[in-house]
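Survey of secondary and tertiary structure
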Amino acid sequence: MEIITYDRLVAGLRAAGCVFAEDEARMLMSAAKSPVELVAMADQRALGHPLEHVIGWMEFCGLRIEVDPGVFIPRHRTEFLVRRATEIAQSGDVVVDLCCGTGALGAVLAAELKGIELYAVDIDPRAAQCARRNITAVGGHVFEGDIFEPLPVTLLNRIDILLANAPYVPTEAIELLPSEARIHEARLALDGGEDGLDVLRRVALEAPLWLSPGGHLLVEVSERQALQAVEIFARSGLLPTVSRFEELDATVIVGMRLI
Ligand SMILES: C[S@@+](CC[C@H](N)C(=O)[O-])C[C@H]1O[C@@H](n2cnc3c(N)ncnc32)[C@H](O)[C@@H]1O
């Protein structure tokens, strides 16, 4: 049986181009349940699989979130969207996480606010399955399907916080993404259509039917998409505000339903 030492692991990871080889080696060693599994994990990583897919989890806003192969890995930038939501949300709110991926955003809100009613939706069966493991433990409900379509109609006019970190990469920019995203995350999780805002447009159009009066829709976009996103929100009758957090290169649009 091949036994892989820490030093050999670091050397292998470094040779494969992993910048944080020491940190990754420690994480792989603590995640592997046997020497055989460690060798397999090290091989996967050296082949370019994202560390989060190899070890099966990541830390997001201080929570341990399970991440399955092929499912979008939550970006630390999105912690700003969650922070904006926790500033607005109140205990007992109805919260929906559309395009939920792993369900990380809703999971953090459920951990930070008491007694929220949490629902999450994703069109990708692998993401919905992963989200179930992350949010059913906190009492959340996960549906598989196209944006609002699988939600119970009893939620019409009742959603206080609607999170939608939808795909927003313009189609022609996909090829410029790092290979870890391009190859190992679903195209559906990244591709937002010609200008990147196709899914966001559909979400904003229907959001006023689902939001409670005074309820909020929160989305993340790139800095250059912000103006266009504001126009989309305003056309849907939502009152938009833009927040920017330079340190994480994060831009969030919040839209409030007025009546
Ligand atoms: C950019 S990822 C974000 C995932 C998660 N919100 C996060 O921030 O980690 C976008 C997610 O939207 C899902 N998605 C794409 N189109 C969708 C649609 N029409 N309806 C529901 N989910 C969709 C993808 O499967 C993917 O999981």
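Residues numbered from 1 in each chain as written. Predicted model: local features only at pLDDT ≥ 70, side-chain atom pairs only at ≥ 80, totals over all residues.

**Brief notes about the site of the ligand**
Taken together, 23 residues form the shell around the ligand, and within it Pro 74, Cys 99, Gly 101, Asn 165 and Ala 189 come nearest. At the level of elements, helix 6 (104-112), strand 4 (117-122) and helix 9 (187-190) are the ones that each hand at least two residues to the shell around the ligand. The residue makeup of the shell around the ligand, split by class, is 16 nonpolar, 4 polar and 3 charged. (Near = placed C-beta within 6 Å. Helix = DSSP H or I, 4+ residues; strand = E, 2+ residues; numbered from the N terminus. Nonpolar A, V, L, I, M, F, W, Y, C, P; charged D, E, K, R; others polar.)

**Some points on the environment of Phe 233**
Inspection of the secondary structure assignment puts Phe 233 in helix 11 (residues 226-235). Using a count of 23 C-beta atoms within 10 Å as the deciding quantity, one classes Phe 233 as buried. C-alpha of Phe 233 to C-alpha of Glu 175: the two residues are 58 residues apart in sequence and 28 Å apart in space. For Phe 233, the contacting residues outside a window of four places in its chain are Ala 204, Leu 238, Pro 240, Ile 253 and Gly 255. (Buried ≥ 20, exposed ≤ 12 C-beta atoms within 10 Å, placed from the backbone. Contact = placed C-beta atoms within 7 Å.)

**Some remarks on the UniProt feature "domain: Methyltransferase small" (unreviewed entry) in the protein**
UniProt feature "domain: Methyltransferase small" (unreviewed entry): in the numbering of this structure it lies at residues 69-191. The straight-line gap between the two end C-alpha atoms of residues 69-191 is 18 Å; of that span, 33% is helix and 17% is strand. (UniProt positions renumbered as here; feature names shortened; annotations may be inferred.)

**Side note on the packing of helix 5 (residues 79-88) against helix 6**
Interhelical geometry of helix 5 versus helix 6 gives an angle of 40° and a closest axis separation of 10 Å. The element helix 5 and its partner helix 6 pack so that their crossing is right-handed. Between helix 5 and helix 6, the residues in contact are Leu 81, Val 82, Ala 85 and Thr 86 and Leu 105, Val 108, Leu 109 and Glu 112, respectively. Grouping the amino acids of the contact of helix 5 with helix 6 by side-chain chemistry returns 6 nonpolar, 1 polar and 1 charged. (Axes fitted to C-alpha atoms, helices over the stretch in contact; angles between N-to-C directions. Left-handed = near helix turned anticlockwise from the far one by under 90°.)

**Focus: unusual backbone geometry**
Positive phi, normally seen in glycine, also occurs at Cys 99, with a value near 55°. With respect to the helices and strands, the residue Cys 99 is situated in the loop between strand 3 (94-98) and helix 6. You can call Cys 99 buried: it has 25 C-beta atoms within 10 Å.

**Points about the sheet that holds strand 8 (residues 238-245)**
Overall, mixed pairing links the 7 strands, which are arranged 5-4-3-6-7-9-8 in an open sheet. Only two strands of the sheet have a single neighbouring strand rather than two, namely strand 5 (141-144) and strand 8. Neighbour to neighbour, the strand axes of the sheet diverge by 15° on average, direction disregarded. The sheet contact formed by strand 6 (residues 159-164) and strand 7 (residues 211-221) spans 5 bridges and is parallel. Looking across to strand 7, one finds that Ala 164 is bridged to Val 219. (Pairing = 2+ DSSP bridges.)

**What to know about the domain arrangement of the protein**
Assigned domains of the protein: these are domain 1 (6-48) and domain 2 (76-257). If you average the C-alpha positions of domain 1 and of domain 2, the two centres end up 33 Å apart. (Domains from an automatic or database assignment.)

**Remarks on the nonpolar core**
With 65 residues, the main nonpolar core has Leu 98, Leu 162 and Leu 200 as its most contacted residues. Each residue touching Leu 200, except ones within four places of it in the same chain, is listed here: Ala 166, Tyr 168, Val 219, Ala 229 and Ile 232. Among the nonpolar cores identified, the runner-up in size contains 8 residues, and Leu 13, Ala 25, Leu 51 and Val 54 belong to it. (Core = buried A, V, L, I, M, F, W, Y, C linked by C-beta atoms within 7 Å.)

**So, helix 10 (residues 198-210)**
If you check helix 10, its first and last C-alpha atoms are 19 Å apart, about what 13 residues at 1.5 Å a residue would give, namely 18 Å. Considering bend angle alone, the principal kink of helix 10 is centred on Ala 204 and spans about 25°; proline Pro 208 follows within four residues of it. Within the sequence span of helix 10, burial applies to Val 199, Leu 200, Val 203, Ala 204, Ala 207 and Trp 210. On its buried face, helix 10 is in contact with strand 3, strand 6, strand 7, helix 11, strand 8 and strand 9 (250-257). (Expected span 1.5 Å × (residues − 1). Bend = angle between axes of the 7 residues up to and from the residue.)

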